[in-house]
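# A look at the structure
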Amino acid sequence: MGWFKRIKEGITTKSTEKKEIPEGMWYKCPKCSHVLTSQEHALEMWVCPSCDHHERVGSEEYFQILFDDGKYREIAANLTSGDPLEFADTKKYTSRVKASMAKTDLKDALRTASGMMEGEKVVVSCMDFSFIGGSMGSVVGEKIARGIEHAVKNNCPFICISKSGGARMMEAGFSLMQMAKTSARLTQLSEAGLPYISILTDPTTGGVTASFAMLGDLNIAEPKALIGFAGPRVVKETIGKDLPEGFQRSEFVLEHGFLDMIVPRAELKSKVAMALKMMKQG
Amino acid sequence: MANYLDFEEPIKELKEQLDKTLELAESEKIKGDVSKRVKELEKLIKTTTKEIYSGLTPWQRVQVSRHPDRPYTLSYIEEVTGGNFIELHGDRTVKDDKAMVGGMGMIGDQSVMFVGQQKGVNTKMRQFRNFGMANPEGYRKALRLMKLAEKFNMPVVTFIDTPGAFPGLEAEERGQGEAIARNLFEMIKLKVPIICVVIGEGASGGALGIGLGDKVLMLENTWYSVISPESCSSILWRSWDHKQEAASALKLTSEDMLKNKLIDGIIKEPLGGAHANSEEMFNTVREEILKHIEKLSALAPEKRVDQRIKKFGSMGVVNS
Ligand SMILES: [Zn+2]
């Protein structure tokens, strides 16, 4: 399977190295307790073959899934978070960022890359939930902006994979304005008549849902992903009752009219490529 | 009967003394004698108010922004238009959201489309207005009115005053996230001038959903941020007790927001806050609106939209 191939030298970043899966590691599905080797799990695109549970994965995995031969070129890879507010709660924001960088080997909660998908050029931005809960700060906004810019310049579609707990509180007003920023930049894509595919994965909540994630020409979700504006705990507190089964899951959001379709991870690439082909020939 | 915040206690005491003095003077008919005392007290009230209000902490600002006597959106609209206002209702899809109001009005001979969150003035009305927390239909109503304004070439003025978009079950079913996102996408390219004024609380996406203006202004004693200090405290400090620290950390005051270039200007409030002299506040807001409409109207629509996209499209601080 192409998406699992090692990356060709020189074309991508070193963060792919750690994705080498050591032999003998096991994965136990948290939903059905099915056990398989981590390698098998990766071959299944991190989806449980027994119960279809879509494990949360990061930008590297999605790039491997979407780009032909897993080859891509990262855009604005070195942007890191500033600390304009000199924010501190129980910890300094700068230390939180540093700790998260060390833990994840990522620079922030989103990466943008360009490459080929079924032979067509695309730009993909993908969020990493492992980096401070996939929260949206200035780096996330700026990397999306750069991705859109690159797509416009290269006259190609833009795809954004969301996976976020929402705003990055430690960037306060700056974080809030990333909703405005990304929405503003998306108008440039739409002006250029280029497709924007939004892929919502588990979980997509808060300011991300209330900006670029809901603005796709197509909104596509993975199965059973949590998608909402307010988090389920907050909604539960508001109504003072238990939430109905399946509330804010992809299937619920589709039913209420905010998604075009739910696509299992294994079909993600082919479905998106097919849709883009139709849009191109329209 | 006026309401006082805890740090306004000294002002309250002085005002009570003044009332008592006046009452006494009236009943005993010895006006000559008390006039000096009255003047003294009035002066003292002024200096005390000035003193208190010039040293407000960010948390105290938040308290002022929520002062129960502060004027709300419909009062501003009513007063700046002198009653020349037609309220419009409904999102044409689900219902009329009482937490989001709007309509056409005239300021002098200038037509304006107004939109804003509305809080209630008493317990019953607060519930009726859902505490200024709009549902998706509120944001869709706001967008409908803004589109109407575009059609008839009317500038849009929004008044922001919300503790957030409503986090309810139906709100989620009807796409709160999509409604706010759509407003951002449409507002950024609306062809008519947009002026946004934060008159109280500017909380999160619920505020931003009507907040993409050519000019975004904050009244002096308001706050605007991604989260309320209370929620920030509960999430980052895991307790409700750190709201003061959270308010400071969030840099949510008008001065901080301006300093960080996340807003375009501050509108001074009367001494003691907007509620202390609402008439003066309304006049100042009217003048500001007219001033900005005039300036913005001088630009071609494409230029205005371009500038708006550039402004919001470049917000953020990163290291490269
Ligand atoms: Zn399973």
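Residues numbered from 1 in each chain as written. Chains lettered and ligands numbered in written order. Predicted model: local features only at pLDDT ≥ 70, side-chain atom pairs only at ≥ 80, totals over all residues.

Moving on, we get to the interface of chain B and chain A. Facing 44 residues of chain B, the contacting portion of chain A comprises 49 residues. Of all the elements in the fold, those that place two or more residues in the side of chain B that touches chain A are α7 (169-173), α8 (176-187), α9 (204-208), β7 (223-225), α10 (229-237), α14 (301-313) and β9 (318-319) of chain B. Per-element accounting of the side of chain B that touches chain A gives the leading share, 7 residues, to α8(B). Sheet topology note: the strand β4 (residues 80-81) of chain A/β9(B) ladder contains 2 bridges and is antiparallel. Across the sheet, Thr80(A) pairs through a bridge with Asn319(B), a residue of β9(B). (Contact = placed C-beta atoms within 7 Å. Helix = DSSP H or I, 4+ residues; strand = E, 2+ residues; numbered from the N terminus. Pairing = 2+ DSSP bridges.)

Turning our eyes to something else, we now look at helix α6 (residues 136-151) of chain B. Residue and element names in this part refer to chain B. For α6, built from 16 residues, the straight-helix expectation of 22 Å at 1.5 Å per residue is met to within 8% by its first-to-last C-alpha distance of 23 Å. Those residues of α6 not exposed but buried are Pro136, Glu137, Gly138, Tyr139, Arg140, Lys141, Ala142, Leu143, Leu145, Met146 and Ala149. On the buried face of α6, the contacting elements are β2 (100-107), β3 (110-117), β4 (156-162), α7 and α8. Just downstream of α6 lies asparagine 153, where phi reads positive at about 55°. (Expected span 1.5 Å × (residues − 1). Buried ≥ 20, exposed ≤ 12 C-beta atoms within 10 Å, placed from the backbone.)

Time to look at the sheet that holds strand β9 (residues 218-221) of chain A. Residues and elements named next belong to chain A. Judged by pairing direction, the sheet is mixed, and its 7 strands sit side by side in the order β3-β5-β6-β7-β8-β9-β10 without closing on themselves. The open sheet is flanked by β3 (72-75) and β10 (261-262), the only strands paired with a single partner. Here strand β8 (residues 196-204) pairs with β9 via 4 bridges, running parallel. Across the sheet, residue serine 198 finds its bridge partner in β9, namely asparagine 219.

It is worth spelling out the nonpolar core at this point. Note that soluble globular proteins tend to have their nonpolar side chains buried in a common cluster. One finds Met146(B), Leu184(B) and Val197(B) to be the most contacted residues of the largest nonpolar core, which totals 153 residues. Excluding its chain neighbours within four sequence positions, the residues that come into contact with Leu184(B) are Met179(A), Ala180(A), Ser183(A), Ser211(A), Leu208(B) and Leu212(B). (Core = buried A, V, L, I, M, F, W, Y, C linked by C-beta atoms within 7 Å.)

Turning to helix α4 (residues 138-153) of chain A, a few remarks are in order. Residue and element names in this part refer to chain A. For α4, spanning 16 residues, the distance from its first C-alpha to its last is 22 Å, which sits close to the expected 22 Å at 1.5 Å a residue. Listed in full, the buried residues belonging to α4 are Ser138, Val139, Val140, Gly141, Glu142, Lys143, Ile144, Ala145, Gly147, Ile148, His150 and Ala151. Backbone geometry just after α4 places asparagine 155 at a positive phi near 50°.

For the rest of this paragraph, the subject is the domain arrangement of chain B. Its domain assignment divides chain B into domain 1 (8-55) and domain 2 (62-313). Computed from C-alpha coordinates alone, the two centres of domain 1 of chain B and domain 2 of chain B are separated by 36 Å. (Domains from an automatic or database assignment.)

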